[in-house]
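# Residue-level structural notes
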Amino acid sequence: MKDPSDNPLWMYFFYSHNTMKSWFQYRVDAILRSLAVFLREATGIIVIYITLTKFDDIGGWNIDELLFLFSLIFITYGILIIFFTGLRDFENIIYDGSFDRLILRPRGLLFQVIASNSDWFAAIGHGGLGIVLFIYSAGRVNIHWNTITILYYLAAVLGGVLIQGAMFLVFAILSFFIVKASKAQELIYWNMRKFSGYPISIFPKFVQYMMMYVVPFAFVNYFPAQYLLRKDDMHQYPEIYLYITPLIGIAMYFIAYLFWRYSIKFYKSTGT
Amino acid sequence: MSTYLLCIKTVFRKNVVFRVDYILGIISTCLQIFISCAIWKALYGKHVEINGISLAMVTTNFVIGLGLTNAFRVDDSVIQRKLRDGSFANELLKPINIRAYILAENLGDILFRILTNFLPSFIIAVIFIGVLPPVDAMAVCYSMISVVLGFGVFWALSSIIQMTAFWVMNVWSLSTIKNVFVNVLAGALLPLWFMPSSIMKIIKFTPFDSIYFTPVQIYLGELSGGDVWVYYGRQALWIVLLYSVSTVLWVFGRRRIVIQGG
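Presented here is an overview of the structure given in this document. Since this is a predicted model, take the numbers as computed values, not measurements.

### Comments concerning the overall build of chain A
In terms of regular secondary structure, chain A is built from 12 helices and zero strands. Secondary structure elements of chain A occur, N-terminal to C-terminal, as α-α-α-α-α-α-α-α-α-α-α-α. Radius of gyration (C-alpha) of chain A: 20 Å, near the 19 Å computed for a compact globule of 272 residues. A principal-axis box enclosing the C-alpha atoms of chain A has dimensions of 60 × 40 × 40 Å. Taken over 272 residues, chain A has a buried fraction of 38%.

What follows is the structure in structure tokens.
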């Protein structure tokens, strides 16, 4: 008889089932933590919502359009973190030596890193907030929802998840080469993410380039939202950017994966 | 007393070792200030003033408010950690006041961050972004006193969360929710001038605006003369009130713990 653990899908569900059990061991604590993540991420939204009661718009975007822009960041992160928690905490996996244990097992390394953990509280907090914002804003903004726009939206979400996943992967790989790679991630990734909900056209050119070509959050939310909304500030960017989010996601992830395959050879255990 | 001063000094010295950390910290603070200013510039658009508030005032509020936010960081889970790893039992045996000791540790950290993060970012912001000068030389002194009192309010609030460790399993959630309130209502992310008046009426009865907004108002000369002393009084009152709550929790909490043999 064929061993069911040969099937990666079965393996993945087996892993997920176990991480869920451990994350939701304490019910009240789990609910409180998810709520805390939800509120923490909502802080920026509450602030901009209150601010825009005194101002007309920000760079030509009204509050509903802005919330739609924010919703893409949170929905993609909510999905991302179900799969890529192991890469977010990769530094710890290396430090406490559990990476050595993964190497010894007869399954793909990246598969194990991805499957072995999921931050369910972050998934509920971020994803929940994203869904709330989407439901609130999707009907209020000027988008004509039909088969094509819905398919585009789904492809853009998938692309957004892959773009951020590729960034996580690259920062994880950096921990093979430099100590405390998380400092670089904190500075470049998390700092920029705080402001990724805003239309990039309001920022100075330097920040715009960062958002497009260094940590490409612009392709996670700004350009997909522009495809659907067609605001005036789009004219300063190449029109092709509206369509390529899914392609960029796939390409970035593929390149990051090749980089991972190459770098894994340089891994040295910390010995703990 | 000298024990606690020594602790402040040791923590300060310990921080000096990590040089890369504070260079990255300065870059990070400057980036936040820089981008927040860009957002507000877009909000103002062509307007010079909104509700009598100029963009320069908002910028000044961010440079001081966000700068202090990055300096004022207190570990809310310190008691929880000591309870979990058992070191709390040993701490009780030592002839020191545990809370004073925690305060001394925090002061060492914060003094370090004020000097290596807040001041450099402030100077960089003055050069590159432009910050309104204080109304007069005395306003700087008065607002510095207010910053110290503001920290007192912030610390006392954190202290309450620390003490909940005796009852709840994980203080992280409570700490995070408290930080949401501080971030929204204390004026560092959203200048309180733009808060709707209905919410502002409620904030007046909370400790939050005492943390960052009062020092900013004194610096800009919105509060002067006798008002300054009224607001000092308000800050001091909140420190006393919040610290009392924390003390009550501390007294009852300590009775709850059961120390088992090693």
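### Digging into the overall build of chain B
Counting secondary structure elements, chain B contains 11 helices and two strands. Taken against the 2.2 N^0.38 rule, which gives 18 Å for 262 residues, the C-alpha radius of gyration of chain B at 20 Å falls within 12% of a compact globule. Along the longest, intermediate and shortest principal axes, the C-alpha atoms of chain B span 70 × 45 × 35 Å. When the 262 residues of chain B are sorted by exposure, 37% land in the buried category. At a minimum sequence separation of 6, the contacts of chain B that also span at least 24 residues come to 82%.

### Side note on helix α7 (residues 120-138) of chain A
Residue and element names in this part refer to chain A. Compared with the 27 Å implied by 1.5 Å per residue over 19 residues, the 25 Å span of α7 between its first and last C-alpha is a close match. Among the residues of α7, Trp120, Phe121, Ala122, Ala123, Ile124, Gly125, His126, Gly127, Leu129, Gly130 and Leu133 are the ones counted as buried. Looking at the buried residues of α7, the elements they touch are α1 (8-23), α2 (27-51) and α3 (63-88).

### Here's the deal with the packing of helix α3 (residues 55-71) of chain B against helix α10 (residues 213-220) of chain B
Residue and element names in this part refer to chain B. The N-to-C vectors of α3 and α10 enclose an angle of 130°; their axes lie 10 Å apart at closest approach. The pairing of α3 with α10 is recorded here as oblique in orientation. Remark: the crossing between α3 and α10 carries right-handed chirality. Contacts between α3 and α10 involve Met57, Thr60, Asn61, Ile64 and Gly65 from the first element and Pro215, Val216, Tyr219 and Leu220 from the second. Classifying every residue of the contact of α3 with α10 gives six nonpolar, three polar and no charged.

### Quick word on the packing of helix α9 (residues 181-193) of chain A against helix α2 (residues 19-44) of chain B
Axes are the key here: two packed helices are described by the angle between their axes and the distance separating the axes. In the contact formed by α9(A) and α2(B), the axes pass within 11 Å of each other and the chain directions differ by 0°. By the angle between their directions, the pair α9(A) and α2(B) is classed as roughly parallel. Between α9(A) and α2(B), the residues in contact are Lys183(A), Leu187(A) and Asn191(A) and Leu24(B), Ile27(B), Ser28(B), Leu31(B) and Gln32(B), respectively.

### Looking at the interface of chain B and chain A
Across the boundary between the two partners, chain B contributes 26 residues, which contact 26 residues of chain A. Elements with a contribution of two residues or more to the side of chain B that touches chain A: α2 and α8 (171-185) of chain B. Of the residues forming the side of chain B that touches chain A, the biggest block, 10 residues, is contributed by α2(B). For the side of chain B that touches chain A, the per-class residue count stands at 19 nonpolar, seven polar and no charged.

### Looking at the environment of Pro133(B)
Residues and elements named next belong to chain B. Locating proline 133 in the fold gives a position in the loop between α6 (98-128) and α7 (137-163). The exposed category is assigned to proline 133, around which 11 C-beta atoms lie within 10 Å. With 87 residues separating them in the primary sequence, proline 133 and leucine 220 have C-alpha atoms 7.9 Å apart.

### Considering the nonpolar core
Formed by 126 residues in total, the largest nonpolar core has its most connected members in Ile33(B), Val153(B) and Ala186(B). Residue contributions to this core peak at 15 residues, all from α3(A). Setting aside residues up to four positions removed in sequence, Ile33(B) forms contacts with Phe62(B), Val63(B), Leu66(B), Ser121(B), Ala125(B) and Ile129(B).

Rules and cut-offs
Residues numbered from 1 in each chain as written. Chains lettered and ligands numbered in written order. Predicted model: local features only at pLDDT ≥ 70, side-chain atom pairs only at ≥ 80, totals over all residues. Helix = DSSP H or I, 4+ residues; strand = E, 2+ residues; numbered from the N terminus. Rg over C-alpha atoms; globule rule 2.2 N^0.38 Å. Buried ≥ 20, exposed ≤ 12 C-beta atoms within 10 Å, placed from the backbone. Contact = placed C-beta atoms within 7 Å. Expected span 1.5 Å × (residues − 1). Axes fitted to C-alpha atoms, helices over the stretch in contact; angles between N-to-C directions. Parallel < 35°, antiparallel > 145°, perpendicular 65-115°, else oblique. Left-handed = near helix turned anticlockwise from the far one by under 90°. Nonpolar A, V, L, I, M, F, W, Y, C, P; charged D, E, K, R; others polar. Core = buried A, V, L, I, M, F, W, Y, C linked by C-beta atoms within 7 Å.

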